[in-house]
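Structural overview
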Amino acid sequence: MYCIKCGGKTKSDIINGDNIPRNRCEACNYIHYINPKIIVGALPFRYDKVLLCKRDINPGFGKWTLPSGFMEMGESLEQGAEREAKEEANLKLKLNKLYGTYSIPRIGQVLFIFIANILNEDFRAADETSEVKLFSVSEIPWEKIAFPSVEFFLKNYTRDFLNGKNFLFHSNF
Ligand SMILES: [Zn+2]
């Protein structure tokens, strides 16, 4: 590969004090670290229902997911989660708290999902989404969930909901 700074040739090298090979530029010495990417999103709910987005793109086309996406430079986790919800479903949210994290080492991704109250009525399918819908816990389409990570958060939500966790019921904002 070529250096992203100067276009010079790079060489795989173990740098002093490190134990993983890195691509280092032979011209300018820039070291190309490759680190996991952060995905931010929300588990939006109103009263006893959670909002899911049907994906209009691959992977997971036609399956249901939580509004989420890659965090951008210059934003906080919270800003990223709010932005993605707005972009994909025209949602206005009040983020309650970080609901959980989920690591996918195989593809180098880490998810941060906030549990959030839906503030607006006019949410609708937008970017990358063909449909948005509110589901009660008994209606969640388990056979058509896009990713194991989404299934993980929805299972936690269902468990917490059935256990009557307080934060799930502060719905009136
Ligand atoms: Zn270089």
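Read on for an overview of the structure. Keep in mind that what you see is a predicted model, and the values were worked out from it rather than measured.

**Thoughts on unusual backbone geometry**
With the exception of glycine, most residues fall at negative phi, and the peptide bonds are largely trans. A cis geometry characterises the amide bond from asparagine 58 onward to proline 59, with omega recorded as -5 degrees. Residues other than glycine seldom take positive phi values, yet asparagine 90 does so here, at roughly 50 degrees. What makes asparagine 90 buried here is its relative accessible area of 8%. You will see that glutamate 128, though not glycine, has its phi angle at about 65 degrees, which is positive. Mapped onto the elements, glutamate 128 comes out in the loop between strand E9 (109-118) and strand E10 (129-136).

**Thoughts on the nonpolar core**
If you look at the biggest cluster of nonpolar residues, it comprises 21 residues, and the most contacted ones within it are Leu43, Leu66, Leu154 and Tyr157. Contributing elements (two or more residues each) for this core: strand E4 (37-46), strand E5 (49-55), strand E8 (93-104), E9 and helix H2 (148-162). Among the elements that line this core, the one with the most residues is H2, at five residues. Counting 14 residues, the second-largest nonpolar core is a separate cluster that includes Ala42, Ala85, Ile118 and Phe123.

Conventions adopted
Residues numbered from 1 in each chain as written. Predicted model: local features only at pLDDT ≥ 70, side-chain atom pairs only at ≥ 80, totals over all residues. Heavy atoms only, no water. Buried < 20%, exposed > 50% of the residue type's maximum accessible area, 1.4 Å probe, protein only. Helix = DSSP H or I, 4+ residues; strand = E, 2+ residues; numbered from the N terminus. Core = buried A, V, L, I, M, F, W, Y, C linked by side-chain atoms within 4.5 Å.

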